[in-house]
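So the chains spell out like this:
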Number of protein chains: 2
Amino acid sequence: MYIIGIDIGGMSIKGGVVDGANGTIVCKDSVVTKAAAGIDVLAADTAGLIGALLGKTSLKISDVAGIGIGMPGTVDSKTGRVIYSNNIRLVDAPIVEKLRKYYDNIPIEINNDANAAALGEVRFGESKDYKNIVFITLGTGVGTGLIVDGKLIEGNNSAGAEGGHMVIRVGGAVCTCGRRGCFEAYASAAALVRQTKAAMQKNKDSLMHKLARERNKISGRTAFLAAAEGDKTAAAVVNRYIRYVGEGIVNLANIFRPDVVLIGGGVSNEGDALILPLQEFMDNYCFGIKNGNPRVLVKKASLTNDAGIFGAASLIVSSVK
Amino acid sequence: MYIIGIDIGGMSIKGGVVDGANGTIVCKDSVVTKAAAGIDVLAADTAGLIGALLGKTSLKISDVAGIGIGMPGTVDSKTGRVIYSNNIRLVDAPIVEKLRKYYDNIPIEINNDANAAALGEVRFGESKDYKNIVFITLGTGVGTGLIVDGKLIEGNNSAGAEGGHMVIRVGGAVCTCGRRGCFEAYASAAALVRQTKAAMQKNKDSLMHKLARERNKISGRTAFLAAAEGDKTAAAVVNRYIRYVGEGIVNLANIFRPDVVLIGGGVSNEGDALILPLQEFMDNYCFGIKNGNPRVLVKKASLTNDAGIFGAASLIVSSVK
């Protein structure tokens, strides 16, 4: 079974043909996202990308089980409409209907990218044995995908699963959503960069300055790299950041008590330096953990670069099943 | 269909015979909880209460569709074991197995009291039309019952649905669970009393002093009553408390995007003085509410005094269905 997975992001639209049986990507391609160009352009560019993928693989559209699409924002999976996507600058846009003009006799499923990525870990990643998963992406924002008994928690009009917009510090840092103190405002890669810059400003001797000059930028990696070389200021940034991530994931673990919390997104590439202390935090602070409540594992998401394509494709696997 | 609902609390065990068809309580009774006396005494006292209810109604146990039990703490609904209940002082206690010695041929279901209360609102209260509900009790603690597509979110070993133990202020007030800054530590009735006492200590002229003297205690009502009479110190306490409750319920609404957030527990008796500002808070701060995401209603739970009995009975209605 072949599936087309489309990962629409703020910078590029990535697409791949996934062999559903083997869980491999047969072929992939991408085009630049023309954000702000509107839904018709987005649909045409996506259709063009799909056409290119079919051409490369010599598949006909009728050979494909379906087209799955993941994208940031609130996406109503039932109606196929983008309710609101800040990144792609769409409001109430009927994306599936627009795509039907190009591909009309084939299942097309769409969902939020974090939801898709969570499903992708179950269908194509290393979480096949788990039924209950809290997935979080630590990227530009903090996205969450919540799976209970193998199904996504989406909420009315698919407007739920916004765990990044859970306040962890009342009255704290301003969030793009209009509240103060959201998990996203402390635990995103962007927040980590802010925290890193603030610490660098206060500590001119920190190794972070040298690393940032060498790499010509301050990124989410700066503090982790300097901490690994023994820089105390950087270690304090990392520890505080991990504390913030830990508070948020313990919150979600207390609400869902899943099998596992999967960490994806750019920051997850820090690997054990991030995952091991988060597991320790979870083991110390999950509700009732010292009174017989079950442990919650913390793991790095297994699908990395192509997580978006696999996630999008998984929307079709679950709808075909 | 008759159902026996048993509501085990720290002070008393309340029981009732519920007419499942009419949603009425035919008869009720209670006994004192001998907390710390152990599981055998608790089971014997519960069995005795059930016997008394049967006697009063001239029903045989075979006339009853089942026995539902709600109690505080982590209760594994699948195994019928209390994993941990601080209030009743039980650890890993097989309560359903113990009750089987008295009543062996009848369905017995047990669950956490907030979970039961949430189901009770759907089966016997005014939430029959809702499929997706966040229920919170503002009592000694903050309990949550989470219903998605008509089913409870329980988590592994029923250890989830602990929304009261979601940190809303990192590093904040100490919580009984071992973390700092939990929703419960700011939004429970006990927290409201602490906030009230702190404000009274700073403001000796507040009307709250007079009200507390008249009633011989400082309670969760003190600030609400004084605020209603125009006391500014009390109004500040109430506003701040409502803000805390609001932050927590918006967090849960962003995660679940339910139809409604139902507020139960002692503080909910403040009615509109609590509910209306919470609705306003929700309408201002829910994620994407200004970009097309659906509104989430805030309502007072409809079952008041007998919520525990109805909730417990609802565990049987859902298992019989």
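Residues numbered from 1 in each chain as written. Chains lettered and ligands numbered in written order. Predicted model: local features only at pLDDT ≥ 70, side-chain atom pairs only at ≥ 80, totals over all residues.

Asker: Quick question: what am I supposed to make of the pairing of strand 13 (residues 297-300) of chain B here?
Answerer: As a general feature of sheets, a regular strand has side chains that alternate between the two faces. All names here are of chain B. As defined by bridge partners, strand 12 (residues 260-264) adjoins strand 13 across 4 bridges and the pair is classed as parallel. Each residue of the ladder has a partner; that of Leu 262, found in strand 13, is Lys 299. One crossover worth recording links strand 12 to the parallel strand 13 by way of helix 9 (residues 272-285), and it is right-handed. (Pairing = 2+ DSSP bridges. Helix = DSSP H or I, 4+ residues; strand = E, 2+ residues; numbered from the N terminus. Right-handed = clockwise from strand over helix to strand, strands pointing away.)

Asker: Explain the packing of helix 5 (residues 189-202) of chain A against helix 8 (residues 232-256) of chain A here, please?
Answerer: When two helices pack together, you describe them by how their axes are tilted relative to each other and by the distance separating the axes. All names here are of chain A. Orientation of helix 5 relative to helix 8, taken along the N-to-C sense of each, is 150°, at an axis distance of 10 Å. Overall, the two elements helix 5 and helix 8 adopt an arrangement that is roughly antiparallel. As helix 5 packs across helix 8, the resulting crossing turns out to be right-handed. Contacts from Leu 192, Gln 195, Thr 196 and Ala 199 of helix 5 reach helix 8 at Thr 233, Ala 236, Val 237, Arg 240 and Tyr 241. The residue makeup of the contact of helix 5 with helix 8, split by class, is 5 nonpolar, 3 polar and 1 charged. (Axes fitted to C-alpha atoms, helices over the stretch in contact; angles between N-to-C directions. Parallel < 35°, antiparallel > 145°, perpendicular 65-115°, else oblique. Left-handed = near helix turned anticlockwise from the far one by under 90°. Contact = placed C-beta atoms within 7 Å. Nonpolar A, V, L, I, M, F, W, Y, C, P; charged D, E, K, R; others polar.)

Asker: What is the right way to read the relation of the copies chain B and chain A from this model?
Answerer: Copies of the same chain, two in number, are related to each other by a rotation about an axis and a translation along it. When chain B is fitted to chain A, the best match, at an RMSD of 0.0 Å, comes from turning it 180° and sliding it 0.0 Å along the axis. Such a turn and shift between the copies fits a two-fold axis. (Least-squares fit on C-alpha atoms with pLDDT ≥ 70 in both.)

Asker: Just checking my understanding: could you explain the interface of chain B and chain A for this structure?
Answerer: Quite often, the size of an interface is put as the accessible area lost when its parts meet. Contacts between the two partners involve 41 residues from chain B and, on the opposite side, 41 residues from chain A. Those elements that place two or more of their residues in the side of chain B that touches chain A are strand 6 (81-85), strand 7 (90-93) and helix 8 (232-256) of chain B. Grouping the amino acids of the side of chain B that touches chain A by side-chain chemistry returns 19 nonpolar, 15 polar and 7 charged.

Asker: Even after reading the chapter, I still don't get helix 6 (residues 207-215) of chain B, so can you show me in this structure?
Answerer: Think of an α-helix as 3.6 residues a turn; residues three or four steps apart then line up on the same face. All names here are of chain B. If you check which residues of helix 6 are buried, you get Leu 207, Met 208, Leu 211 and Ala 212. For helix 6, the arc enclosing every buried residue in end-on projection is 135°, short of the 170-degree limit, so these residues lie on one face. Within helix 6, the exposed residues directed more than 90 degrees away from the buried face are Arg 213 and Glu 214. On its buried face, helix 6 is in contact with helix 5 (189-202), helix 7 (220-228) and helix 8. Just beyond helix 6, the residue with positive phi is Asn 216, at close to 65°. (Buried ≥ 20, exposed ≤ 12 C-beta atoms within 10 Å, placed from the backbone. Arc of directions from axis to C-beta.)

Asker: Sorry, what's going on with the sheet that holds strand 3 (residues 24-32) of chain A here?
Answerer: Sheet strands associate in pairs through backbone hydrogen bonding, adopting either a parallel or an antiparallel arrangement. All names here are of chain A. Spatially, 5 strands are ordered 3-2-1-4-8 in an open sheet, and the strand pairing comes out mixed. Unpaired on one side and paired on the other, strand 3 and strand 8 (108-112) mark the two borders of the sheet. Adjacent strand axes in the sheet meet at a mean angle of 20°, parallel and antiparallel pairs treated alike. Of the pairings in the sheet, the one linking strand 4 (residues 64-71) to strand 8 comprises 5 bridges and is parallel in character. Looking at the pairing, Ile 69 lines up with Ile 110 of strand 8. Relative to strand 3, helix 1 (residues 39-57) is tilted by about 140°, and along the sheet it contacts strand 1 (2-8), strand 2 (12-19), strand 3 and strand 4. Taken strand by strand, helix 3 (residues 113-123) contacts strand 1, strand 4 and strand 8, and its axis lies near 105° from that of strand 8.

Asker: Which parts of the structure should I look at to understand the domain arrangement of chain A?
Answerer: Residues and elements named next belong to chain A. When its domains are assigned, chain A resolves into domain 1 (2-125 + 305-320) and domain 2 (133-300). Taking the mean C-alpha position of each, domain 1 and domain 2 sit 27 Å from one another. In this assembly, 15 residues from domain 1 lie in contact with 15 residues from domain 2. Where the side of domain 1 that touches domain 2 is concerned, the elements lending two or more residues are strand 5 (74-76) and helix 3. Grouping the amino acids of the side of domain 1 that touches domain 2 by side-chain chemistry returns 8 nonpolar, 4 polar and 3 charged. (Domains from an automatic or database assignment.)

Asker: Would you explain the sheet that holds strand 4 (residues 64-71) of chain B in this entry?
Answerer: All names here are of chain B. Strand order in the open sheet made by the 5 strands is 3-2-1-4-8, with mixed pairing throughout. Since the sheet does not close on itself, it has two edges, and those belong to strand 3 (24-32) and strand 8 (108-112), each with one partner. Strand-to-strand twist in this sheet, taken as the mean axis angle between neighbours without regard to direction, amounts to 20°. Pairing analysis gives 8 bridges linking strand 2 (residues 12-19) to strand 3, with the strands arranged antiparallel. Paired with Gly 15 across the bridge in strand 3 is Asp 29. Lying on the sheet, helix 1 (residues 39-57) is in contact with strand 1 (2-8), strand 2, strand 3 and strand 4; it crosses strand 3 at an angle near 140°. Docked against the sheet, helix 3 (residues 113-123) engages strand 1, strand 4 and strand 8, running at close to 110° with respect to strand 8.

Asker: For this particular structure, what's the right way to read helix 5 of chain B?
Answerer: With 14 residues, helix 5 of chain B extends 20 Å from end C-alpha to end C-alpha; this agrees with the ideal 20 Å at 1.5 Å per step. Regarding helix 5 of chain B, the residues found buried are Ala 189, Ala 191, Leu 192, Gln 195, Thr 196, Ala 199 and Met 200 of chain B. (Expected span 1.5 Å × (residues − 1).)

Asker: When you look at the packing of helix 7 of chain B against helix 8 of chain B in this model, what are you seeing that I'm missing?
Answerer: Residue and element names in this part refer to chain B. Relative to each other, helix 7 and helix 8 sit at 125°, their axes nearing to 7 Å. With respect to helix 8, the element helix 7 is oriented oblique. Pair helix 7 / helix 8 crosses with left-handed handedness. Contacts from Ala 223, Phe 224, Ala 226 and Ala 227 in helix 7 reach Ala 234, Ala 235, Val 237 and Val 238 in helix 8. In terms of residue class, the contact of helix 7 with helix 8 is made up of 8 nonpolar, no polar and no charged.

Asker: Looking at this structure, how should I read the environment of Gly 5 of chain A?
Answerer: All names here are of chain A. Looking at where Gly 5 falls in the secondary structure, it is placed in strand 1. Looking at Gly 5, the number of C-beta atoms within 10 Å reads 30, which means it is buried. It is 12 Å that separates the C-alpha atoms of Gly 5 and Asn 111, two residues lying 106 residues apart in sequence. The residues touching Gly 5, leaving out its near neighbours within four places in the chain, are Gly 15, Gly 16, Val 18, Gly 68, Ile 309, Phe 310, Ala 312 and Ala 313.

Asker: Just checking my understanding: could you explain the nonpolar core for this structure?
Answerer: The nonpolar side chains of a soluble globular protein tend to be buried, and buried together. Membership of the largest hydrophobic core comes to 220 residues, with the highest contact counts inside it found for Val 134 and Val 261 of chain A together with Val 134 and Val 261 of chain B. When near neighbours in sequence (up to four residues on either side) are disregarded, Val 261 of chain A contacts Val 134, Ile 136, Ile 249, Ala 253, Val 296 and Val 298 of chain A. (Core = buried A, V, L, I, M, F, W, Y, C linked by C-beta atoms within 7 Å.)

Asker: Quick question: what am I supposed to make of unusual backbone geometry here?
Answerer: Of all residues except glycine, most have a negative phi; of all peptide bonds, most are trans. Phi is positive for Arg 89 of chain A, close to 55°, though the residue is something other than glycine. Following the sequence through the fold, Arg 89 of chain A ends up in the loop between strand 6 (81-85) and strand 7 (90-93). By C-beta crowding, Arg 89 of chain A is classed as partly exposed, having 16 other C-beta atoms within 10 Å. A positive phi is found at Ser 58 of chain B, a non-glycine position, where the angle reads about 55°. On the secondary structure map, Ser 58 of chain B appears in the loop between helix 1 and strand 4.

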